[in-house]
Amino acid sequence: MAVHLASLSTPFVASPKLVPSTKAGFKPWSTTLVRCEPRDEGCGRSAAQRRPSKYQPSTWNYDFIQSITSATSQIETQRTRVEQLRREVRQIITSTTEQVAQLELIDSLERLGVAYHFESEIRRSLDAISTSTSGFEDLYSFSLRFRILRQYGYNVSAECFSRFRDQSSRFSENLREDVRGLLSIYEASQLVCEGETVLEEASAFSSEHLRARISRMDQRMSRQVQRVLQLPLHRRVRRVEAREYIETFERTDCRSQVLHKFARLDFNMVQTIHQRELRELSGWWRDLGLGEHISFARDRLVESYFMAVGKMHEPQFSQYRMQLARVSYLMATIEDIFGEHQPVEELERFVQVVERWDLQAAEQLPQSLRVFYAAVYNTTNEISYTVLRRHGRDITSHMRKAWVSVCKTYLVEARWHRARQTPRLEEYLSNIQADMTGPILLPAYFFLSQNIEDQAIQQLQSESNIINLSSMIVRLSADLQRSRVGFGRGNLPRSVQIYMNEAKVAEEQARQHIRNLLRDAWRRLNSELLSAQQQQQQTAFSRSFMDVALNIARVSQCMYDYEDGVGVLEHESMDRVYSLIAEPIQTA
C-alpha cells in the first residue's frame with residue numbers, strides 16, 4: 001500500500017525556484033538561492049520555537065537536473081567504436097605476457113574504471129601470477145603484486161615483505177631513495193589486516209621517507225605523492241579516481257592510446273546512464289516534496305545519488321543504484337530529524353510507528369514526521385516488491401528492522417543531547433556501530449545476489465562486523481570533518497569533543513586519537529572483507545556485495561575530504577559531483 005504525499009497538506013512559505021541557465025558549463029551554485037522558512041506546523045509549537053535550518057539549500061533543483069544531458073545522439077553513434085576498442089583492449093590483455101606488465105595493465109584498467117569489462121581475463125592473469133614471486137625482485141614490482149592480488153582476495157602473506165628488512169628487522173635504509181618503490185609499498189600497506197605488523201611498519205617507513213623527499217621531486221611526482229599521502233588509492237571512490245586518472249593518464253605508445261580512448265568513451269557512455277537515472281529520480285524527489293514539508297533538513301538528492309554512484313557505478317547495477325540513492329536521501333533526512341528539531345517524546349512515538357509499520361499509527365505524529373514516515377514506508381515497500389518479483393522473497397520485515405535500528409541509534413543520541421549528557425567514548429562508539437548502514441547493505445545483498453540464503457540474512461541482521469565497521473568509518477570520518485569546520489547536527493556530541501572531555505586533552509590530540517580509531521576500523525574491515533573473499537565458496541556474500549561494503553567506507557572519506565560534502569557544500573565538493581554526473585570528458 002502506498003500513501004500519496006500530496007494529500008498531506010502543509011502550511012509552508014513557497015520557495016522561489018532557481019531557473020537554470022541552458023548555457024554550456026553553467027553551474028547552479030554560482031547563483032544565490034532563497035531559503036524556505038516554515039510556518040506553524042500545528043503540532044503545538046510555532047516556527048520561532050522550531051529552529052530554522054542551518055543547512056544550505058539545495059543547489060540542484062528539478063529543472064536544472066532535467067537539463068543535465070550529454071550529447072546522447074553523438075554517443076549512440078560511437079557504440080560501434082566502443083565495441084571495437086573493447087576488442088582491442090582485450091587483445092592487449094591477452095597478448096601481454098610479462099607478469100609485471102600484466103599487473104601494471106590490470107592496475108590501469110582498475111583506475112581507468114573499465115576493469116569490469118574484462119573480469120575473466122584479469123582473473124586468469126592473476127591466477128598465474130599468484131603461483132610464484134619469480135620476476136618480482138624490486139620493491140616496486142613486489143609491492144604492486146601484493147596489492148593487486150590482495151585487492152582481488154588472493155591469499156598472499158604480508159610476511160613476504162620481510163625480505164626488504166635488514167638484520168635489525170627494520171626496513172633497509174637503502175630503500176629510502178627509491179621513490180617509486182616507496183610509493184608502491186605505501187599503497188600496498190593500506191590493505192593491512194589485523195596483526196600484520198610488517199605492513200604497519202612499511203606504511204610508517206614509506207610515508208616518512210616520501211614526505212622527507214617531496215621538496216626534491218619534480219612537480220608531477222611531488223603532486224602524485226602528496227595526493228597518495230592525503231588519500232591512498234585503497235580509500236578512493238573508484239568513479240572519482242577514474243575521472244581524475246583519465247585526465248592524467250600517460251599515453252606513451254599505441255597500446256596506452258587505445259586504453260585511454262576506450263576509457264574516455266566508456267566513461268561518457270556510463271555517464272549518460274547515470275544522467276537518465278538522476279532525471280528519473282528527480283521526478284520521485286519532486287513528488288516526495290520533503291524539502292517543502294521538512295524545511296530544517298538537508299535536501300540533497302544529487303549528493304545522495306553521487307554517493308550511490310560511488311558505491312556501485314557499473315551500468316548493470318542501475319536498479320540497485322537508484323534504490324540506493326532513495327535510501328541515502330532518506331538516511332540524511334532521518335539524521336536531521338533526530339538531530340535537534342523534534343522533542344524526544346515525538347521521536348519515541350516515531351520509532352514506535354516504524355516498529356509497528358502501520359500507516360494508521362502514523363496519524364498520531366506531527367505532520368512533518370507523518371510525511372517522512374510515508375516516504376520511508378513507500379520506498380521500502382517498493383524495494384521489497386522488486387525483490388519479491390526477482391527472488392520470491394518478501395524482505396519488508398528485514399528492511400523494517402534495519403530502519404528501526406537506525407532510528408534507535410539516533411534516538412539514543414537525541415536523549416543525550418536533550419539531557420545535556422555527554423556519553424563516554426565507548427558508549428558513543430558502541431551506539432554508532434548498531435547497524436547504521438543496514439538500510440543500504442540489506443538491499444545490496446538482495447539486489448546483487450543470485451541466490452538468497454537465510455544464513456546470510458541472519459548474519460546481516462545480527463552483529464555483522466562488515467556492517468558495524470562500515471558504520472564506524474562513516475561516522476568517524478564525518479566527526480573529524482564536522483568538528484574541524486565547526487559544523488554538525490546542532491550541539492550533538494561528536495567523538496572528537498567527547499574524547500577531549502573524557503581524556504582532558506587538547507583538540508589536536510583528540511583528533512589524532514579518532515584518526516587512530518579510524519585506521520583501526522579500516523584495518524578490521526580489510527580483515528573481514530579479505531576473509532569473506534577467501535571463503536567465497538563457503539560464504540553467501542557475493543564479491544559485488546563486498547565491494548559495496550568497502551565502497552560505503554570509501555564514499556564517506558570522499559564526501560568529507562574537503563568539507564562536509566552533504567551538509568556544508570563547498571565548491572570543491574560540488575565541482576566533483578558535477579564532473580562525475582553532468583560533465584562529459586572531451587574525446588576529440
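Some points on the overall build of the protein chain
Step number 1: Looking only at helices and strands, the protein chain features 25 helices and zero strands.
Step number 2: For the protein chain, buried positions account for 60% of its 588 residues.
Step number 3: Intrachain contacts of the protein chain at a sequence separation of at least 6 include 75% that bridge at least 24 residues.
Step number 4: Carbon and sulfur atoms form 45% of the exposed surface of the protein chain, whose accessible area is close to 25,100 Å².

Considerations on the pattern of salt bridges
Step number 1: Under the definition given, this model contains 28 salt bridges.
Step number 2: The closest approach of N and O atoms between R111 and E241, which form a salt bridge, is 2.9 Å. Here E241 lies in helix α10 (residues 238-248) and R111 lies in helix α4 (residues 99-112), a separation of 130 residues in the sequence.
Step number 3: Taking the relative accessible area as the measure of exposure, R111 reaches 16% and is therefore buried.
Step number 4: Among the ionic pairs, E314 bridges to R238, the shortest N-O distance being 3.5 Å. Separated by 76 residues along the polypeptide, E314 in the loop between α13 (301-311) and α14 (318-341) and R238 in helix α10 bring together distant segments of the chain. Exposure class is identical for E314 and R238. Each is buried.

Structural notes on the packing of aromatic side chains
Step number 1: In this structure the tally under the stated criterion is 16 aromatic pairs.
Step number 2: Between F171 and F205, the aromatic rings sit 5.6 Å apart at their centres with planes inclined by 25°, giving stacked as the arrangement. With a gap of 34 residues between them, F171 in the loop between α6 (139-151) and α7 (179-189) and F205 in helix α8 (residues 197-213) connect regions that are remote in the sequence. Across the pair, exposure class does not vary: F171 and F205 are buried alike.
Step number 3: Grouped by ring-pair contacts, the aromatic residues F142, F146, F161 and F164 constitute a single cluster.

A short note on the confidence of the model for the protein chain
Step number 1: In this model, the protein chain carries a mean pLDDT of 83, and residues with pLDDT of at least 70 account for 82%.
Step number 2: In the model, residues 4-24 has pLDDT below 50 throughout and makes 43 contacts with residues more than four positions away in sequence or in other chains.
Step number 3: When the criterion is pLDDT under 50, residues 29-53 qualifies, and its contacts beyond four places in sequence or with other chains add up to 57 contacts.

Some remarks on the nonpolar core
Step number 1: Residues F338 and F350 are the most contacted members of the largest nonpolar core, which totals 118 residues.
Step number 2: Top contributing element to this core by residue count: α14, with eleven residues.
Step number 3: The contacts of F350, once residues within four sequence positions are left out, are I334, F338, L365, L369, F372, Y373 and C407.
Step number 4: Listed in part, the 61 residues of the second largest apolar core include L112, Y152, F171 and A202.

Some words on the side chain of T380
Step number 1: Looking at where T380 falls in the secondary structure, it is placed in helix α16 (residues 367-391).
Step number 2: In terms of polar contacts, T380 uses its side chain to reach the backbone carbonyl oxygen of V376, at 2.8 Å.
Step number 3: Not counting residues within four places of it along the chain, the set of residues in contact with T380 comprises W357, M399 and W403.

Criteria and cut-off values
- Residues numbered from 1 in each chain as written.
- Predicted model: local features only at pLDDT ≥ 70, side-chain atom pairs only at ≥ 80, totals over all residues.
- Heavy atoms only, no water.
- Helix = DSSP H or I, 4+ residues; strand = E, 2+ residues; numbered from the N terminus.
- Buried < 20%, exposed > 50% of the residue type's maximum accessible area, 1.4 Å probe, protein only.
- Contact = heavy atoms within 4.5 Å.
- Areas by Shrake-Rupley, 256 points an atom, 1.4 Å probe, with all protein chains shown as cover.
- Salt bridge = Lys/Arg side-chain N within 4 Å of Asp/Glu carboxyl O.
- Phe/Tyr/Trp six-rings, centres within 6.5 Å; stacked < 30°, edge-to-face > 60°.
- pLDDT = per-residue confidence, 0-100.
- Core = buried A, V, L, I, M, F, W, Y, C linked by side-chain atoms within 4.5 Å.
- Polar contact = N/O pair within 3.5 Å; in protein donor to acceptor, adjacent residues only side chain to side chain.

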